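# A look at the structure
What follows is each chain in one-letter form.
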Amino acid sequence: MASIGPITLYREKTIVHRFAAGGSLAADQDPSFVLKSNRLVMEVSSRSTTDTVVVRGHNIPGTLRMAAIVAERYVRDPQVLKADNPFPPDWDDLWARKISSYDRLVNPDNWSSIHVGGETVYSSLESDPIMQIERFAQGADLDERTIRAATAGLFGSGPDEDVVVQHDSQTAVVMTPFSAYLRAAVLERKGGRTGSFSVSVYHTETRRARVGSLLNFCADVIECYNLRQFLERIPATRDDPRAPAPDHLRHQAAGANGRRRELMQFIEGFETAHKLQYRPDRPDL
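Structural notes, computed from the coordinates. The shown structure was predicted, so the numbers you read here are calculated from the model rather than taken from an experiment. (Residues numbered from 1 in each chain as written. Predicted model: local features only at pLDDT ≥ 70, side-chain atom pairs only at ≥ 80, totals over all residues. Heavy atoms only, no water.)

## Observations concerning the packing of aromatic side chains
On inspection of all chains with the given rule, the structure shows four aromatic pairs. With centroids separated by 6.5 Å and ring planes inclined at 50°, the aromatic side chains of F197 and Y278 adopt a geometry described as tilted. With F197 in strand β8 (residues 193–202) and Y278 in strand β9 (residues 275–279), the pair connects residues that are 81 residues apart, well separated along the chain. Of the two residues, F197 and Y278, both sit in the buried class. Ring centres of F217 and F270 lie 4.3 Å apart, and the angle between their planes is 20°; on these two criteria the pair is classed as stacked. You can see F217 sitting in helix α6 (residues 211–233) and its partner F270 sitting in helix α7 (residues 247–273), a full 53 residues away along the chain. For F270, a relative accessible area of 11% puts it in the buried group. Among the aromatic residues, those joined into a ring-pair cluster are F178, Y181 and Y202. (Phe/Tyr/Trp six-rings, centres within 6.5 Å; stacked < 30°, edge-to-face > 60°. Helix = DSSP H or I, 4+ residues; strand = E, 2+ residues; numbered from the N terminus. Buried < 20%, exposed > 50% of the residue type's maximum accessible area, 1.4 Å probe, protein only.)

Quick look at the structure:
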């Protein structure tokens, strides 16, 4: 029987500088490479085989939704991620279905990728640095030393040049399976401060909590929460005839409100269908 978890998603920012050996890094020096992304590490097991799957993505909800696709497909067929699988999924189509019309409008650069054992299974974004980093990391946690070694030959650096890497990582979501339930802990940002909440989804006699469903639920909650914060910040949501909002902001606000209503339906439907518990409280959506 296939099993999924634990799962950890990190917000990550990587900056690679290249400069002459012995030189100093100037404050205004442009980096050779900048990568802002989310990196989800997921352990999958079937019989005696255990693999580490890495899912990368442009934003947290998209990364979680792509990870949900992987989890659901793996439970159905543990061979789905194998290079010699004769019937590989259409990852492009599966990914495209997860992108809402609102996200297509405001986030046209949205992307995702899947890596197993250092090999890239799928990527909607052609990026040699990402593929090289994952090939070198083999699913392990990233640090500056690993990234420096992985990217040393990618930017034309020669023997008279040094490579400096700045890498920052922050845990954003942790999903842990237990015998009686699945639990997801989510770090949220509130006015410059970081808080957290967790949600536990219990197995019942008639329904088992599924990893893929919980990942999609977390994606919906996080996106809905972010949209609420966005709508509170922009002037298009305030009626002030002295300072009318630009047309593009009013259109975006209308789209955000529509997407938020859609997400609330998904969230409330999941809450109705499952036995769950928030700690300390349900986030204000």
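More follows now that the structure is in view.
## Looking at unusual backbone geometry
Cis rather than trans, the peptide bond between G5 and P6 has omega equal to 5°. If you trace the backbone, P6 turns up in strand β1 (residues 3–20). The peptide bond linking R279 to P280 adopts the cis configuration, its omega dihedral lying at -5°. Positionally, P280 belongs in the segment after β9.

## Description of the pattern of salt bridges
Two side chains with opposite charge may pair up if their charged atoms get near one another. The final tally for this structure, using the stated rule, is 10 salt bridges. Residue D93 pairs with R97 through a salt bridge whose shortest N-O separation is 2.7 Å. Of this pair, D93 and R97 are both found in helix α2 (residues 91–97), four residues apart, which corresponds to roughly one turn of the helix. Under the relative-accessibility criterion, D93 is labelled partly exposed at 31%. What makes R97 exposed here is its relative accessible area of 63%. Several salt bridges converge on common partners, so that one network encompasses R65, D220, E223, R259 and E262. (Salt bridge = Lys/Arg side-chain N within 4 Å of Asp/Glu carboxyl O.)

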